[in-house]
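# Structural description and commentary
So you can see what is in the structure, the chains are spelled out below.
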Amino acid sequence: MIFLKTEEEIEKIRLASDLVSRTLGEVARWVAPGVTTRRLDDVAREFILDNGGKPACLGYHGFPGTLCIEVNETVVHGFPSSYELREGDIIGTDCVVELNGYNGDSCFTFAVGEIDPKVRRLLEVTRHSLTVGVEAARAGKRVGDISNAVQTYCEKAGYNVVREMCGHGIGRSMHEDPEVPNYGRRGMGPILKPGMAICIEPMVNMGSRNIVIERDGWQCRTKDRKPSAHFEHTLVIREEGPEVLTTFRYIDEALEAASRSGLTIENPDKE
Ligand code: MF3
Ligand code: CO
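Residues numbered from 1 in each chain as written. Chains lettered and ligands numbered in written order. Predicted model: local features only at pLDDT ≥ 70, side-chain atom pairs only at ≥ 80, totals over all residues. Heavy atoms only, no water.

### Here's the deal with the site of ligand 1
As a matter of local geometry, ligand 1 sits amid 14 residues, with Asp-94, Asp-105, His-175, Glu-201 and Glu-232 nearest to it. Between ligand 1 and His-168, the relevant distance is 3.1 Å, taken from an oxygen atom to a side-chain nitrogen or oxygen of the residue. Here His-175 contributes a side-chain N or O atom positioned 2.7 Å from an oxygen atom of ligand 1. Protein burial of ligand 1: of its 330 Å² of free accessible surface, 97% is covered by the chains. The class makeup of the residues in the shell around ligand 1 is 7 nonpolar, 3 polar and 4 charged. (Near = heavy atom within 4 Å. Polar contact = N/O pair within 3.5 Å; in protein donor to acceptor, adjacent residues only side chain to side chain. Areas by Shrake-Rupley, 256 points an atom, 1.4 Å probe, with all protein chains shown as cover. Nonpolar A, V, L, I, M, F, W, Y, C, P; charged D, E, K, R; others polar.)

Shown next as structure tokens:
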């Protein structure tokens, strides 16, 4: 059942989306070699709580983090841990915030220090595939038009999209109908209508599209252990076009400030 949102509800999703965007902006300031993924998770949780929100992933069906931590070959749903980031890693941080009963959901994949140019291209293509998907999210079109746009763009770039995990509707629950796959056929699936709030989240693999889920039932990695990237926005369908409610502006600002200063963040987990 797809719920069309009222303006009041969209306002609440917008506030939750802004908070999750600012949260990832805080996380961005900490991504550096030597920092543990648990530290990133602590930063996110404290920021959300300080701002009156609820870390929606934490405890969701028993999930143990505020962030889903996606290092290198981890596709989705990785756990925060004592793992220390290394130069050359990539790390996706996927976060859902609930605020006043409504959710906002976003994900960004960061480079840790200098990374292999081939992996940098994977990040660029995946980030842009999200924009391509958003552009296709127009009233009167169908979910399959989004799916097809993302898939076609990523495959032309030489990558493969994960099939088992999808974008989704969002609102009072973090996952609502419809499912928004990153592959599919134009003209298929539910019609996009004004007032639909959805999350588009391409998960793109450098190697094969196949994934493996660990015995813990959560942590998902590529079968060939090649890297995977993941970006996500929350948006609402309007008569005039898609309105993106999350933003990477805070992240981009944090990353630019860090590169301007030339400073690397001191590792707080080192003795
Ligand atoms: N944020 C993820 C998504 O994009 C879902 C998180 S799953 C959870 O749909 F269990 F960690 F909450
Ligand atoms: Co999502």
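### Considerations on the packing of helix α3 (residues 117-135) against helix α4 (residues 143-156)
The geometry of a pair of packed helices is captured by two quantities: the angle between their axes and the separation between those axes. Two elements in contact, α3 and α4, have axes whose closest approach is 8 Å; the angle formed by their N-to-C orientations is 150°. On the basis of the axis angle, α3 is roughly antiparallel to α4. For the crossing formed where α3 meets α4, the hand is right-handed. Where α3 approaches α4, its residues Val-125, His-128, Ser-129, Val-132 and Gly-133 are matched on the opposing element by Ile-146, Ala-149, Val-150, Tyr-153 and Cys-154. (Axes fitted to C-alpha atoms, helices over the stretch in contact; angles between N-to-C directions. Helix = DSSP H or I, 4+ residues; strand = E, 2+ residues; numbered from the N terminus. Parallel < 35°, antiparallel > 145°, perpendicular 65-115°, else oblique. Left-handed = near helix turned anticlockwise from the far one by under 90°. Contact = heavy atoms within 4.5 Å.)

### So, the coordination of the cobalt ion (ligand 2)
Coordination of the cobalt ion (ligand 2) by the protein comes from Asp-105 (OD), His-168 (NE2), Glu-201 (OE) and Glu-232 (OE), over a distance range of 2.0 to 2.3 Å. Around the cobalt ion (ligand 2), the 6 donor atoms sit at angles spanning 53 to 176°, and that spread fits a shape best called irregular. (Donors = N, O, S within 2.8 Å, 3.2 Å for Na, K, Ca; no water. Tetrahedral: all angles 85-135°; square planar, octahedral: opposite > 155°, others 65-115°.)

### With respect to the pairing of strand β14 (residues 233-237)
Here β14 lies mainly inside the structure; 5 of its 5 residues are buried. Residue alternation in β14 divides its side chains into two sets, His-233, Leu-235 and Ile-237 and Thr-234 and Val-236, and both sets are buried. In this structure, strand β9 (residues 197-200) lies alongside β14, joined through 4 bridges in antiparallel fashion. The partner of Ala-197 across the bridge, within β14, is Val-236. Inspection of the sheet shows β14 paired to strand β15 (residues 242-244) by 3 bridges, in the antiparallel sense. Opposite Val-236, over in β15, you have Glu-243 as the bridge partner. (Buried < 20%, exposed > 50% of the residue type's maximum accessible area, 1.4 Å probe, protein only. Pairing = 2+ DSSP bridges.)

### Let's talk about the packing of aromatic side chains
For the structure shown, the criterion picks out 6 aromatic pairs. Judged by centre distance (5.0 Å) and plane angle (75°), the rings of Phe-63 and Trp-218 are edge-to-face. Placement of the pair is Phe-63 in the loop between β1 (54-55) and β2 (67-71) and Trp-218 in the loop between β11 (211-213) and β12 (220-222), with a sequence separation of 155 residues. Taking the centre distance of 5.1 Å and the plane angle of 75° together, the rings of Phe-108 and Phe-248 count as edge-to-face. Placement of the pair is Phe-108 in strand β5 (residues 102-111) and Phe-248 in the loop between β15 and α5 (249-261), with a sequence separation of 140 residues. In this pair, the class of Phe-108 matches that of Phe-248, namely buried. One aromatic cluster is present, formed by Phe-108, Phe-110, Phe-231 and Phe-248 through successive ring pairs. Its guanidinium or amino end placed over the ring of Tyr-183, Arg-163 lies 4.8 Å from that ring's centre, counting from NZ or CZ. (Phe/Tyr/Trp six-rings, centres within 6.5 Å; stacked < 30°, edge-to-face > 60°. Lys NZ or Arg CZ within 6 Å of the ring centre and 35° of its normal.)

### Let's talk about the nonpolar core
The tendency in soluble globular proteins is for nonpolar side chains to be buried as a group. Core analysis: the largest hydrophobic core is formed by 55 residues, its most contacted members being Ile-91 and Ile-200. Filtering out sequence-adjacent residues up to four positions away, Ile-91 remains in contact with Val-31, Thr-37, Leu-40, Ile-69, Glu-70, Val-71, Leu-85, Phe-108, Thr-109, Phe-110 and Val-112. The next biggest cluster of nonpolar side chains, apart from the first, holds 8 residues, and it includes Tyr-102, Ile-170, Cys-199 and Leu-245. (Core = buried A, V, L, I, M, F, W, Y, C linked by side-chain atoms within 4.5 Å.)

### Here we look at the packing of helix α1 (residues 7-28) against α5
The N-to-C vectors of α1 and α5 enclose an angle of 15°; their axes lie 7 Å apart at closest approach. As far as their axial angle goes, α5 and α1 are roughly parallel. The chirality of how α1 crosses α5 is right-handed. Listed contacts from α5 to Asp-18, Ser-21, Arg-22, Leu-24, Gly-25 and Ala-28 of α1 are Tyr-250, Ile-251, Ala-254 and Leu-255. Residue composition of the contact of α1 with α5, by class: 6 nonpolar, 2 polar and 2 charged.

Purely spatial values, then, with no claim about function.
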